[in-house]
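# Observations on the model geometry
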Amino acid sequence: MAKNTNVEKLCDRELLEKILSIVERQEKLPPPAHEGGHRLYDNKSLMEKLNIKEKYLKKLRDNGYLGYSREGDKYWYTQEDVDRFLRRFHYEAFAIGDELPKQEGGGYV
């Protein structure tokens, strides 16, 4: 029986090591362009895309400005979540005409 237990422990350890190596390789890969037709972001990739810090991302999430999915301590954001957030805080240009003001002496007139 003791031999059987040692073999089982060895098999479990080998299996766990294989799983961990697969997970490590997956984490090094760039995120898939589309997951079920939608781009997915984790915290790190979304912070890089929006050029924001973790504290601000958490604030957007906690205040309900940015939709997300959560599994354990991992947060996921779809492209649709990001687009909805950006549309919600988008402001249209209000200047009349297509011409920009002429620049003189380092300032706008």
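Here the structure is shown first, and the text comes after it.
Residues numbered from 1 in each chain as written. Predicted model: local features only at pLDDT ≥ 70, side-chain atom pairs only at ≥ 80, totals over all residues. Heavy atoms only, no water.

Let us look at the packing of helix H2 (residues 43-50) against helix H3 (residues 54-62). Contact pair H2 / H3: the axes reach a minimum separation of 10 Å and the direction vectors enclose 100°. With respect to H3, the axis of H2 lies roughly perpendicular. In contact with Asn43, Leu46 and Met47 of H2, H3 contributes Glu54, Leu57 and Arg61. Within the contact of H2 with H3, the residues separate by chemical class into three nonpolar, one polar and two charged. (Axes fitted to C-alpha atoms, helices over the stretch in contact; angles between N-to-C directions. Helix = DSSP H or I, 4+ residues; strand = E, 2+ residues; numbered from the N terminus. Parallel < 35°, antiparallel > 145°, perpendicular 65-115°, else oblique. Contact = heavy atoms within 4.5 Å. Nonpolar A, V, L, I, M, F, W, Y, C, P; charged D, E, K, R; others polar.)

Here we take up the pattern of salt bridges. Enumeration according to the criterion identifies four salt bridges in this entry. Its salt-bridge partner being lysine 74, residue aspartate 42 comes within 3.6 Å of it at the nearest N-O pair. Here aspartate 42, found in the loop between strand E1 (40-41) and H2, pairs with lysine 74, found in strand E3 (residues 74-78); they are 32 residues apart in sequence, far enough to count as distant. The partly exposed category is assigned to lysine 74, whose relative accessible area is 35%. One connected set of salt bridges, linked through shared partners, spans Glu80, Asp81 and Arg84. (Salt bridge = Lys/Arg side-chain N within 4 Å of Asp/Glu carboxyl O. Buried < 20%, exposed > 50% of the residue type's maximum accessible area, 1.4 Å probe, protein only.)

In this section: the packing of aromatic side chains. Summed over the entire model, instances satisfying the criterion amount to three aromatic pairs. When the centroid spacing of 5.4 Å and the interplanar angle of 65° are considered together, the rings of tyrosine 68 and tyrosine 75 count as edge-to-face. Plain terms: the ring middles of phenylalanine 85 and phenylalanine 89 are 5.3 Å apart, the flat faces sit at 55° to each other, and that makes the pair tilted. Here a set of aromatic residues connected by ring pairs shows up, and it is made of Tyr65, Phe85 and Phe89. Positioned over the ring face of tyrosine 68 is arginine 61, at 5.9 Å from the centre of the ring. Over the ring of tyrosine 75 we find arginine 61; its NZ or CZ atom is 3.7 Å from the centre of that ring. (Phe/Tyr/Trp six-rings, centres within 6.5 Å; stacked < 30°, edge-to-face > 60°. Lys NZ or Arg CZ within 6 Å of the ring centre and 35° of its normal.)

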